[in-house]
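The lines below spell out each chain.
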Amino acid sequence: MQSQVGLFYTVNQSVQLLLPQNVHVKVKIIDIVAHVRLSQTYTNKDRTLIKTSYRFPLPYSSAVDAFEVEFSDGRI
């Protein structure tokens, strides 16, 4: 499962991948630099609390300048 990307949760000691409901990518390229904004929407349909981890490997030369999570109750 190391090569997979996304939001993972555990059920009965088995790691599961939660598929996104929506993905939006905006790319702006200036010279040799690409500024990429990725938005993903995930929904927990079971309505029970789950513990998750997010995996998104990046190239060595990349940088993350912001990361935000917004929950359905409005918390950011």
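About the criteria used
Residues numbered from 1 in each chain as written. Predicted model: local features only at pLDDT ≥ 70, side-chain atom pairs only at ≥ 80, totals over all residues. Heavy atoms only, no water. Helix = DSSP H or I, 4+ residues; strand = E, 2+ residues; numbered from the N terminus. Rg over C-alpha atoms; globule rule 2.2 N^0.38 Å. Buried < 20%, exposed > 50% of the residue type's maximum accessible area, 1.4 Å probe, protein only. Areas by Shrake-Rupley, 256 points an atom, 1.4 Å probe, with all protein chains shown as cover. Lys, Arg positive; Asp, Glu negative; His and termini not counted. Charge placed at Lys NZ, Arg CZ, Asp CG, Glu CD. UniProt positions renumbered as here; feature names shortened; annotations may be inferred. Pairing = 2+ DSSP bridges. Axes fitted to C-alpha atoms, helices over the stretch in contact; angles between N-to-C directions.

In the nomenclature of an unreviewed UniProt entry, the protein is known as VIT domain-containing protein of Jimgerdemannia flammicorona.

Engineer: How would you explain the overall build of the protein if you had to name every residue and give the values?
Structural biologist: A count of helical and extended segments in the protein gives zero helices and five strands. Secondary structure elements in the protein, listed N-terminal to C-terminal, are β-β-β-β-β. Whereas a compact globule of 76 residues would reach a radius of gyration of roughly 11 Å, the protein reaches 15 Å, over 25% beyond that. Along the longest, intermediate and shortest principal axes, the C-alpha atoms of the protein span 50 × 30 × 20 Å. Here the protein, with 76 residues, has 7% of them falling under the buried criterion. As displayed, the protein offers around 7,300 Å² of accessible surface, 52% of which is attributable to carbon and sulfur atoms. Averaging the positions of the 8 positive and the 6 negative side-chain charges in the protein gives two centres separated by 5 Å.

Engineer: Please give an account of the UniProt feature "domain: VIT" (unreviewed entry) in the protein that cites residues and values.
Structural biologist: The UniProt record annotates "domain: VIT" (unreviewed entry) at residues 4-76. Helix and strand shares over residues 4-76 are 0% and 45% respectively, and the end C-alpha atoms of the span are 25 Å apart.

Engineer: Describe the sheet that holds strand S2 (residues 14-18), listing the residues and the values that go with them.
Structural biologist: With antiparallel pairing, the three strands of this open sheet are ordered in space as S2-S1-S5. Since the sheet does not close on itself, it has two edges, and those belong to S2 and strand S5 (52-55), each with one partner. Averaged over all pairs of adjacent strands, the angle between their axes in this sheet comes to 35°, without regard to strand direction. Bridge analysis of strand S1 (residues 6-11) against S2 gives five bridges, and the strand direction is antiparallel. Note that in S2 the partner of Tyr9 across the bridge is Gln16.

Engineer: I'd like to hear about unusual backbone geometry, residue by residue, with values.
Structural biologist: Positive phi, close to 50°, is recorded for Asn12, a residue that is not glycine. For Asn12, the location among the structural elements is in the loop between S1 and S2. At Gln13, a residue that is not glycine, the phi angle is positive and equals roughly 65°. Position of Gln13 relative to the elements: it lies in the loop between S1 and S2. For Gln13, a relative accessible area of 80% translates into the label exposed.

Engineer: Lay out the pairing of S1 in plain terms, naming residues and giving numbers.
Structural biologist: In this structure, S1 lies alongside S5, joined through four bridges in antiparallel fashion. Following the sheet pairing, Tyr9 is matched in S5 by Thr52. Connecting S1 to the antiparallel partner S2 that follows it, the hairpin turn spans two residues, and Asn12 within it adopts a positive phi of roughly 50°.

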